[in-house]
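Inside the fold
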Amino acid sequence: MPTQPKLTRFNQNVKSKYQIYNSIFMTLPFDSITKTGVLLPLFHETCQKGFQAGENPTTIVETFFKKYQARRSTESQINLLFRFIQYIERQVVLFDAIEDAAFPIVNNMDGIGTLRSLKESASSENKLEELQHYLEEFKVRIVLTAHPTQFYPGSVLGIITDLAEAIKKNDLLTINDLLAQLGKTPFFKHEKPTPYDEAVSLIWYLEHVFYYSFGSIYDYIQQNIFDGKHIDNDIINIGFWPGGDRDGNPFVTPEITLKVASRLRETIFKNYFRDVRRLKRKLTFNNVEERMSKLESQLYLAFTISEETTLTLDHFVSELKDIKNIIIKDHQSLYVNELNSLINKTHLFGFHFGILDIRQDSRAHAAVFNAMVDKVIASGSSIFPENYQELTEKEQVKILSNIEGSVDMSLFEDEDVLKTLNTMKAIKTIQKTNGEKAANRYIISNNQTTLHVMQLFAMLKLVAFQDDLTVDIGPLFETITDLENAPTVMEDLYTNPEYAKHLKKRGNRQTIMLGFSDGTKDGGYLMANWAIFKAKEHLTRVSRKYDVTVIFFDGRGGPPARGGGKTHQFYASLGPTIEDKEVQLTIQGQTISSNFGTMDSSQYNLEQLISSGILNRLNDTNTAMLKEHTVVMDDLAALSYKTYSEFKNHPMFVPYLERMSTLKYYAKTNIGSRPSKRGNSNKLIFEDLRAIPFVGSWSQLKQNVPGFFGVGTALKHYEDNDEFDKVKELYNSSNFFKTLVENSMMSLSKSFFDLTKYMADNEEFGEFWTIIYTEYETSKRLLLKLTDSKELMEEEPAGKASIDLREAIVLPLLTIQQYALKKIQELESAEVRDEKQIAIFEKIVTRSLFGNINASRNSA
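Residues numbered from 1 in each chain as written. Predicted model: local features only at pLDDT ≥ 70, side-chain atom pairs only at ≥ 80, totals over all residues. Heavy atoms only, no water.

Attention now moves to the pattern of salt bridges. Side-chain pairing between opposite charges can occur once the charged atoms of the two side chains come close. Tallied over the entire structure, the rule returns 45 salt bridges. We note a salt bridge from Asp96 to Arg806, for which the minimum N-O separation is 2.8 Å. Here Arg806 lies in helix H32 (residues 797-829) and Asp96 lies in helix H4 (residues 74-106), a separation of 710 residues in the sequence. For Arg806, a relative accessible area of 5% corresponds to the buried category. The network of salt bridges with shared partners includes Asp275, Arg278, Lys282 and Glu338. (Salt bridge = Lys/Arg side-chain N within 4 Å of Asp/Glu carboxyl O. Helix = DSSP H or I, 4+ residues; strand = E, 2+ residues; numbered from the N terminus. Buried < 20%, exposed > 50% of the residue type's maximum accessible area, 1.4 Å probe, protein only.)

Within the largest apolar cluster, 260 residues are counted, with the highest numbers of intra-cluster contacts made by Phe384 and Trp698. The element best represented in this core is H4, accounting for 17 residues. In contact with Trp698, not counting residues within four places along its chain, are Phe647, Phe653, Tyr656, Leu657, Gln703, Asn704, Val705, Pro706, Phe768 and Ile772. Core analysis: the next-biggest nonpolar cluster, separate from the first, contains six residues, Trp241, Ile443, Met513 and Phe553 among them. (Core = buried A, V, L, I, M, F, W, Y, C linked by side-chain atoms within 4.5 Å. Contact = heavy atoms within 4.5 Å.)

Two elements in contact, helix H18 (residues 480-494) and helix H21 (residues 525-545), have axes separated by 9 Å at closest approach and are oriented at 10°. In terms of orientation, H18 lies roughly parallel with respect to H21. In contact with Ile480, Leu483, Ala486, Pro487, Met490, Glu491 and Tyr494 of H18, H21 contributes Met527, Ala528, Ala531, Ile532, Ala535, His538, Leu539, Val542, Ser543 and Lys545. Residues belonging to the contact of H18 with H21 are distributed by class as follows: 13 nonpolar, two polar and two charged. (Axes fitted to C-alpha atoms, helices over the stretch in contact; angles between N-to-C directions. Parallel < 35°, antiparallel > 145°, perpendicular 65-115°, else oblique. Nonpolar A, V, L, I, M, F, W, Y, C, P; charged D, E, K, R; others polar.)

What follows covers helix H30 (residues 735-749). Within an α-helix, residues lying three or four positions from one another point in the same direction, as the helix has 3.6 residues per turn. Its 15 residues give H30 an end-to-end C-alpha distance of 21 Å, which sits within 8% of 21 Å, the value for a rise of 1.5 Å per residue. In terms of residue burial, H30 counts as a mostly covered element, since 13 of its 15 residues are buried. (Expected span 1.5 Å × (residues − 1).)

This part is about the packing of aromatic side chains. Inspection of the entire model under this criterion finds 51 aromatic pairs. Arranged with centres 5.5 Å apart and planes meeting at 75°, the rings of Tyr300 and Phe303 form a pair that is edge-to-face. With a gap of three residues between them, Tyr300 and Phe303 both fall in helix H11 (residues 289-304), about one helical turn apart. On the basis of relative accessibility, which here comes to 43%, the residue Tyr300 falls in the partly exposed class. When the centroid spacing of 6.0 Å and the interplanar angle of 55° are considered together, the rings of Phe653 and Trp698 count as tilted. You can see Phe653 sitting in helix H26 (residues 653-660) and its partner Trp698 sitting in helix H27 (residues 691-700), a full 45 residues away along the chain. Residue Phe653 shares its accessibility class with Trp698, and that shared class is buried. Sitting over the face of the ring of Tyr731, Lys738 holds its NZ or CZ atom 5.2 Å from the ring centroid. (Phe/Tyr/Trp six-rings, centres within 6.5 Å; stacked < 30°, edge-to-face > 60°. Lys NZ or Arg CZ within 6 Å of the ring centre and 35° of its normal.)

Turning next to the environment of Ser155. When you line up the elements, Ser155 lands in helix H7 (residues 154-168). On the basis of relative accessibility, which here comes to 43%, the residue Ser155 falls in the partly exposed class. Sequence separation between Ser155 and Leu805 is 650 residues, and the spatial gap between their C-alpha atoms is 25 Å.

Helix-helix packing is characterised by the crossing angle of the two axes and by the distance between the axes. Across the interface, helix H17 (residues 450-465) lies against H18 with an axial gap of 9 Å and an inter-helix angle of 45°. On the basis of their axis angle, the class for H17 and H18 is oblique. From H17, Thr450, Val453 and Met454 reach across to H18, where they touch Val489, Asp492 and Leu493. By residue class, the composition of the contact of H17 with H18 is four nonpolar, one polar and one charged.

Across the protein chain, the average pLDDT comes to 89, with 92% of residues at 70 or higher. Contacts for the low-pLDDT stretch residues 558-564, under 50 throughout, to residues beyond four places or in other chains number 38 contacts. (pLDDT = per-residue confidence, 0-100.)

This brings us to the sheet that holds strand E7 (residues 549-555). Read around the closed barrel, eight strands run E1-E2-E3-E4-E5-E6-E7-E8, paired in parallel fashion. Strand-to-strand, the axes of this sheet are offset by a mean angle of 25°, without reference to chain direction. In this structure, strand E3 (residues 355-361) lies alongside strand E4 (residues 441-445), joined through five bridges in parallel fashion. Counterpart to Ile358 in the pairing with E4 is Tyr442. Contacts from H18 reach strand E5 (472-477) and strand E6 (509-515), with the element oriented near 155° to E5. (Pairing = 2+ DSSP bridges.)

Here we come to the side chain of Arg72. Looking at the element boundaries, Arg72 is found in the loop between helix H3 (57-68) and H4. With a relative accessible area of 17%, Arg72 lands in the buried category. Among the polar contacts listed, one links the side chain of Arg72 to the side chain of Gln69, at a separation of 2.4 Å. (Polar contact = N/O pair within 3.5 Å; in protein donor to acceptor, adjacent residues only side chain to side chain.)

Another aspect to go through is the pairing of E4. Most of E4 is tucked away: five of the five residues are buried. Of the two faces of E4, the one holding Arg441, Ile443 and Ser445 and the one holding Tyr442 and Ile444 are both buried throughout. A crossover links E4 with its parallel partner E5, the connecting element being H17, and its sense is right-handed. (Right-handed = clockwise from strand over helix to strand, strands pointing away.)

A rise of 1.5 Å per residue sets the reference length of H18, with its 15 residues, at 21 Å; its end C-alpha atoms lie 22 Å apart and thus fit the reference within 8%. Residues of H18 that are buried: Ile480, Asp482, Leu483, Ala486, Pro487, Val489, Met490, Leu493 and Tyr494.

Mapped onto the elements of the fold, Ser213 is located in helix H9 (residues 195-225). Classification of Ser213 as buried rests on a relative accessible area of 0%. If we skip the residues at most four places from it in the chain, Ser213 touches Met599, Ser602, Gln603 and Leu606.

What follows covers unusual backbone geometry. Of note, Asn170 is a non-glycine position whose phi angle comes to about 55°, a positive value. On the accessibility criterion, Asn170 (45% relative accessible area) is partly exposed. Its identity as a non-glycine residue notwithstanding, Ser333 has a phi of 60°, on the positive side.

Take a look at the structure:
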């Protein structure tokens, strides 16, 4: 039987099932308000018809109450709106679970981009040896970050998992019980999580998903591409930021870092224990059973009384390999594949499970470093010359390069200094307990100069590592200016004899992180992506010049505006001018649960990432961008940047976000431990805005500005000058530009300007709203013209259907949110402020954030 089109599979296995199970859910009697389940569809219909008729959210809500609930008191109306919010939050969970259950049916698990497809195409083109060679050195690292945009508490994640399993089996009784449980389970967090809480939430994915999906992928590669031979390269690994990312988060302390590392170690012990216990029931042979029992006992002690364990990774692996040899020699290789799978997992996860990165802002480092220098000089130590602070940057770098000795920690009393320096000591402690890989990288965000890198280099040596620095230093370049300066900074480092010696010890590999989120916030969509592309080309060139392999680590968020979207297509499109021996990227918030939250989605998306990196090498047609196309791309980026910069500097830009969007409500959601903005100023300053609430607020407005603004104006310039064919030629020849265009179209498809059309009549912000809407219309029209499409996402009907269905589910939620925001504006401008009413509507706005963000899956 032929495979049905993807859209048909989606409609049958997602859309139809959602309609069936939603009808069950709507009849569950779990709330105190009569007929809420009956009223919500009526409200949904009122919203749809209202927006089609050009009505605003206030009119729509008032029309609904007048038509269907005229007798309700104002208080009762507010209560009903809250009940609608609760219902819709749970409808989104139901949809997530149905989509998770249908994932292997809707997506072709052996299709293009999977390992099976990669292997078959390599075999058919006689490139299997070449593929093996690439896989011997190629790596993918996904780094789970401490920036939550995921609003589901652990209890709800558990329900989603159980619900997906029940839906797969069409187990109506269990589904009914789980939907009832869902109706009774609270979503709202009354207190902010600690950084440790965030870490525990993400470790759930390592324990229950990644342990198995990573293992399965590695086993497949070993068995089917390497014919069962051992591979030295681990190929895939997990990075981990919660508990180590101190940038802008004062709650991440050295104690938290140590606690998170300990939790990671305990969790991998638990997973090994489960596997050994399961295998012990099968390996009931002479000279094997007793050794398996002993390993089981040692692992149990390791995660229950961890400080008393004497089990080492070398011993554990050695025992497993000895047992494997006995089984092959004496027991006809019975169950050897299962045992080999466990050995492979030790190769992937060691005793660390995830690689804990440490991160801090360069400005915070500089303040700590200078305070440390002053104290050390005042103590009479000769580590630094007395005139150090008067020296030029170049002279300071020279001194830091040759720094020797150790600092006395008892000299310091300042809390920030102690936190920073003790974090460096914590790295060494973690390396001793969990292995060097457990914590061997330090990211400097907002890195601007060579001195920023050398300050950290010196601190690490003086505080913990002296002459044996087993930590990689990764500068993070974020703004457009910093991206342009990055090659000069790196050349300074490569030509520094002491830093070059350090690199040689670390295998002549240099990690450089590039920030898509802040780059887009600073320079707009096209310029940020192009500036990063060019920076990668220049950094590749300068690194190859000094025989250094550069590892690019991309700081990506969920949506295209933060480097997300079709990530695997992006990596497959880079071409030969950018170093590609590793793909490293941050995964956060909803993107973790939506792209990697189940075994199926995790395995599929990891395989896509591996294949994309490999295809970038194997693909003979993936050549460098032609010079004439580079000129067009440069011009488009410059035009877009100018347009975005003028927009960003508009006097209404920050006030619009502050007063017309949900920006200030992000801090009230209690989803993350990190403050929602930098700095302590009461006044909102653009530079202080964090990328997540910045991008998320545009998403809540359904305007998605960071994903398209400036694109339309740049394209219009070529249309007006009768040169649009040049852009078409670029689109048809460059996979990189094509991916940028498709991602921008995804941002546009998630926009809905009818929701905020009423703002056009606002005396203060009407003109500003019109600027945004005009750019949206221009971008949409010209992107459709560029791609010869009649509608957005025409080439991805199943993806578009998923977005459309999710947007339909949350339409009432968006309407309620805008209604509440409008009420707040009216109440705040009244002669007498009704604080009680303002607080009620602010609570509605805050609660409405949850469902909207969860439904979008990559909104921030």
